[in-house]
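Single-letter residue listing:
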Amino acid sequence: MTDPSLSATAGPAAGERPSPQPPSSGPLTGLRVLDLATLFAGPLAATLLGDYGAEVIKVEHPQRPDPSRGHGPAKDGIGLWWKLLGRNKKAVTLDLSHPGGRDVLLRLAAGADVVIENFRPGTLERWALGWDELSAANPRLVLARVTGFGQFGPYARRPGFGTLAEAMSGFAAITGEPDGPPTLPPFGLADAIAAMATSYAVMAALHGRAATGRGQVIDLALIEPMLTVLGPQPLWYDQLGHIQPRTGNRSANVAPRNTYRTADGSWVAVSASAESVAERVMRLVGRPEVIDEPWFATGAGRARHADELDTAVAGWIARHDRAEVVAAFEKAEAAVAPIYDIREVMADPQYQALGSITEVPDDELGTLRMQNVLFRLSETPGAIRWAGRPHGADTDEVLAALGLTGPEIDGLRAAGAL
């Protein structure tokens, strides 16, 4: 089930263009964001803002669209990833390196609140679209600059992607089995974390603007949010010289904590971070005597005895089907979760109750199911008003709203600026 307050659920009839969604009433209604970024942190940050009412104008090169349009599986030649990443965005084409494109961008910036970009440092400046020019056009503008390594320092001009942040932050070094190689995630983890950090930074800068009346520059490096989510590792190294090793699915801080195979060939994950939960797990699996061991009283102590605890938990789980395991753990108030693939995610009753996957009408592919807005607000909920639009679909509309006439738009297009 989906919450109708969060998104539209009815799809169009075959061959029929879906009805436009009502104007947003989200908390960011009235905010205008220019999304100049590509792949993936910057664009996703803009998506998050658009989900809560911001008007997002996606600016792409006329001949080189955002590469996310071509990433991953496609249907009828239409990239599906873009349908998610481009939702709630108006699609405009501009060649920012062309004088005509530059002039249009400055006119857009004059009426915008936020610009999000992820070019290598110095690129906007080379096009005479740096902070000096943008802030002159609009002193209240917030410019979010998302790069691999930040705007300064010895690596600033290197090409940077999420994979490099996952490697350089320390994430890959602690991910994987103890005797195996460092492991990278099979999805854009660093980009997604950076996107959330960028949207938070934008809101912080806008709140600051409310007090000062002035915009400012946000300098966000992909390597830094990823480092932040790794927790106290810098402290451990600084104070103790401790370097966290790879431990596979186990934790160096608590046990039992692992994935376990069930009798029907499925898998579950168990977490016993709290001592009380660990006690319930060990009673359930028939090893209550270990609870009285002195080492059991701390997470670190249990982690040192992970082999013994894992053997007990794994042995019990291996004798039961997944449904039986989950039911028994739930009855015992012990923490367990089935390990889902995406089919099971989309069928799960908890996700359905939350409306985590919702239906969105689309004029190219019909009704689409995708992730809903990130969180629920009781008074000013977010909404998905449309899925990602075709390349340049809204160029004429957006430029006409700027005051450009039809012949002017045609002239810019003929000159290669659009």
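Definitions and cut-offs
- Residues numbered from 1 in each chain as written.
- Predicted model: local features only at pLDDT ≥ 70, side-chain atom pairs only at ≥ 80, totals over all residues.
- Heavy atoms only, no water.
- Helix = DSSP H or I, 4+ residues; strand = E, 2+ residues; numbered from the N terminus.
- Polar contact = N/O pair within 3.5 Å; in protein donor to acceptor, adjacent residues only side chain to side chain.
- Contact = heavy atoms within 4.5 Å.
- Core = buried A, V, L, I, M, F, W, Y, C linked by side-chain atoms within 4.5 Å.
- Buried < 20%, exposed > 50% of the residue type's maximum accessible area, 1.4 Å probe, protein only.
- 1 Å grid on protein atoms, 1.4 Å probe; cavity = no way out; pocket = protein on both sides within 12 Å on 5 of 7 lines; lining within 4 Å.
- Points joined across faces, edges and corners; volume = space filled by probe spheres on them.
- Nonpolar A, V, L, I, M, F, W, Y, C, P; charged D, E, K, R; others polar.
- Pairing = 2+ DSSP bridges.
- Axes fitted to C-alpha atoms, helices over the stretch in contact; angles between N-to-C directions.

**Looking at the side chain of Asp51**
1) Next: Summarising the element assignment, Asp51 is placed in helix α1 (residues 41-51).
2) Next: A distance of 2.6 Å separates the side chain of Asp51 from the side chain of Arg87, its partner in a polar contact.
3) Next: Not counting the four nearest positions on each side in its chain, Asp51 is found in contact with Arg87, Asn88, Val373, Gly382 and Ala383.

**As for the nonpolar core**
1) Next: Judged by nonpolar contacts, the single largest core of 41 residues is most densely connected at Val33, Leu49, Ala54, Val114, Ile116, Val202 and Ile218.
2) Next: Elements with a contribution of two residues or more to this core: α1, β6 (114-117), β7 (142-147), α7 (189-212), β8 (217-221) and β13 (366-371).
3) Next: Element by element, the count of residues in this core is highest for α7, at 9 residues.
4) Next: Leave out the neighbours within four places in its chain, and Ile218 touches Val142, Leu143, Ala144, Arg145, Ala201, Val202 and Ala205.

**Here's the deal with the layout of surface pockets**
1) Next: A volume near 1400 Å³ is recorded for the largest pocket.
2) Next: As for the largest pocket, its lining consists of 41 residues, and the residues nearest its centre are Trp81, Leu84, Ile357, Met370 and Gln371.
3) Next: Of all elements in the fold, only α1, α2 (80-85), α7, α14 (342-347), α15 (349-354) and β13 reach the threshold of two or more residues within the lining of the largest pocket.
4) Next: Class assignment of the residues belonging to the lining of the largest pocket gives a composition of 25 nonpolar, 9 polar and 7 charged.
5) Next: The space that makes up the second largest pocket amounts to roughly 690 Å³.
6) Next: In this structure, the second largest pocket is lined by 34 residues; those nearest its centre are Leu36, Ala37, Thr38, Asn118 and Phe119.
7) Next: The set of elements that each furnish at least two residues to the lining of the second largest pocket consists of α1, β2 (55-60) and β7.
8) Next: The element best represented in the lining of the second largest pocket is β2, accounting for 3 residues.

**Concerning the sheet that holds strand β1 (residues 32-35)**
1) Next: Spatial ordering of the open sheet is given by β5-β2-β1-β6-β7-β8, a layout of 6 strands whose pairing is parallel. Each having just a single partner strand, β5 (89-93) and β8 make up the two edges of the open sheet. Recorded for the sheet is a direction-independent mean angle of 20° between the axes of neighbouring strands.
2) Next: Pairing between β7 and β8: 5 bridges, direction parallel. Bridging from a neighbouring strand, Val146 pairs with Leu220 of β8.

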